[in-house]
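# Summary of the model geometry
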Amino acid sequence: RVNRGGKDLLSFCWSPNFSRNFSADLQKYYPGDDFVDIIGLDVYDVDEADKPTIQEFKGCISELRKFSNERGKVSAITEIGNRVNKKWCLPGPERPEPNFGWITEMVRHVFDEQKETGGTGLAYIVSWCGPEFMPHQHSSDEAKDSFRALKDDKCVLFLDSFRLGLESDPSI
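Since the structure is predicted, the reported quantities are computational estimates derived from the model, not experimental observations.

Calculation rules
- Residues numbered from 1 in each chain as written.
- Predicted model: local features only at pLDDT ≥ 70, side-chain atom pairs only at ≥ 80, totals over all residues.
- Heavy atoms only, no water.
- Helix = DSSP H or I, 4+ residues; strand = E, 2+ residues; numbered from the N terminus.
- Contact = heavy atoms within 4.5 Å.
- Areas by Shrake-Rupley, 256 points an atom, 1.4 Å probe, with all protein chains shown as cover.
- Salt bridge = Lys/Arg side-chain N within 4 Å of Asp/Glu carboxyl O.
- Buried < 20%, exposed > 50% of the residue type's maximum accessible area, 1.4 Å probe, protein only.
- pLDDT = per-residue confidence, 0-100.
- Polar contact = N/O pair within 3.5 Å; in protein donor to acceptor, adjacent residues only side chain to side chain.
- Phe/Tyr/Trp six-rings, centres within 6.5 Å; stacked < 30°, edge-to-face > 60°.
- Lys NZ or Arg CZ within 6 Å of the ring centre and 35° of its normal.
- Pairing = 2+ DSSP bridges.

With that settled, the discussion passes to the overall build of the chain. On a plain count of helices and strands, the chain comes out with four helices and six strands. In sequence order, the chain lays out its α and β elements as β-β-β-α-β-α-β-α-β-α. A separation of at least 24 residues holds for 71% of the contacts in the chain among residues at least 6 apart in sequence. When the accessible surface of the chain is summed, it comes to about 10400 Å², and 52% of that surface belongs to carbon and sulfur atoms.

A separate point is the pattern of salt bridges. Two side chains carrying opposite charge are able to pair once their charged atoms lie near each other. Taken as a whole and judged by the stated rule, the model has three salt bridges. The residue Arg-20 makes a salt bridge to Glu-56 at a minimum N-O spacing of 2.7 Å. A residue pair is termed long-range when its members are at least 10 positions apart, and Arg-20 in the loop between β3 (13-14) and α1 (22-29) and Glu-56 in helix α2 (residues 54-70) qualify at 36 residues. Across the pair Glu-70 and Arg-71 runs a salt bridge whose closest N-O atoms are separated by 3.4 Å. Under the relative-accessibility criterion, Glu-70 is labelled exposed at 52%.

Averaged over the chain, the pLDDT score is 75; the fraction of residues at 70 or greater is 71%. By mean pLDDT, strand β1 (residues 2-4) is the weakest element of the chain at 70, and β3 is the strongest at 92. Of the regions scoring below 50 in pLDDT, residues 85-93 engages in 21 contacts with residues more than four places distant in sequence or in other chains.

Attention now moves to the side chain of Asp-37. The residue Asp-37 is located in the loop between α1 and β4 (38-44) in this model. Of the polar contacts made by the side chain of Asp-37, one reaches the backbone nitrogen of Phe-12; its length is 2.8 Å.

One pass over the full model with this rule turns up two aromatic pairs. On the basis of an interplanar angle of 70 degrees and a centroid distance of 5.4 Å, the ring pair of Trp-14 and Tyr-30 is categorised as edge-to-face. Residue Trp-14 is located in strand β3, and its partner Tyr-30 is located in the loop between α1 and β4; the two are separated by 16 residues in the primary sequence. Under the relative-accessibility criterion, Trp-14 is labelled buried at 14%. What makes Tyr-30 buried here is its relative accessible area of 14%. Between Tyr-30 and Phe-67, the aromatic rings sit 5.1 Å apart at their centres with planes inclined by 85 degrees, giving edge-to-face as the arrangement. Within this pair, whereas Tyr-30 is found in the loop between α1 and β4, its partner Phe-67 is found in helix α2, the two being separated by 37 residues in sequence. For the pair Tyr-30 and Phe-67, a shared accessibility class is recorded, and that class is buried. Site record: aromatic cluster; members linked through ring pairs are Trp-14, Tyr-30 and Phe-67. Looking at Arg-71, its charged tip hangs above the ring of Tyr-30, at a distance of 5.4 Å from the centre.

A separate point is the sheet that holds β4. Strand order in the open sheet formed by four strands is β3-β4-β5-β6, and the pairing between neighbours is parallel. Each edge of the open sheet is held by one strand with a lone partner, namely β3 and β6 (125-127). Inspection of the sheet shows β4 paired to strand β5 (residues 74-81) by seven bridges, in the parallel sense. Note that in β5 the partner of Tyr-44 across the bridge is Gly-81.

This is the structure:
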């Protein structure tokens, strides 16, 4: 931890990749409570061939929350993205537009898992960003509408929705 004047300025996040043995891997590789503030999950290509299924994804979220809560730690989806079936590539004459609705769908599954299990919310979800991953000015109206619906959801906050409070602290 980085601490200045009694304030923690840096938190350490431990975030293993998805595995089909996620629960066992958490137990086996966790570095310890003294070293970790946030426990995360990195997961890619959910619901694609030979990749994590939606149910496996939801199961990992449940395990992540349980493991984090038992230790009094914050849980998060620290990275999520889709790299397969050309969903990640920039559109062009020979390539279809990426499936920008994919991230919206994954966030909905996080919400569904929370409702199904009565779990508490994740602190944050970090999705890949950029024109190849998120809707942009040249995207279809469907892609833009899908992302707007996610942004407008009352359960979702974007960084511009709140202030961090560090801007006015001269010691930082």
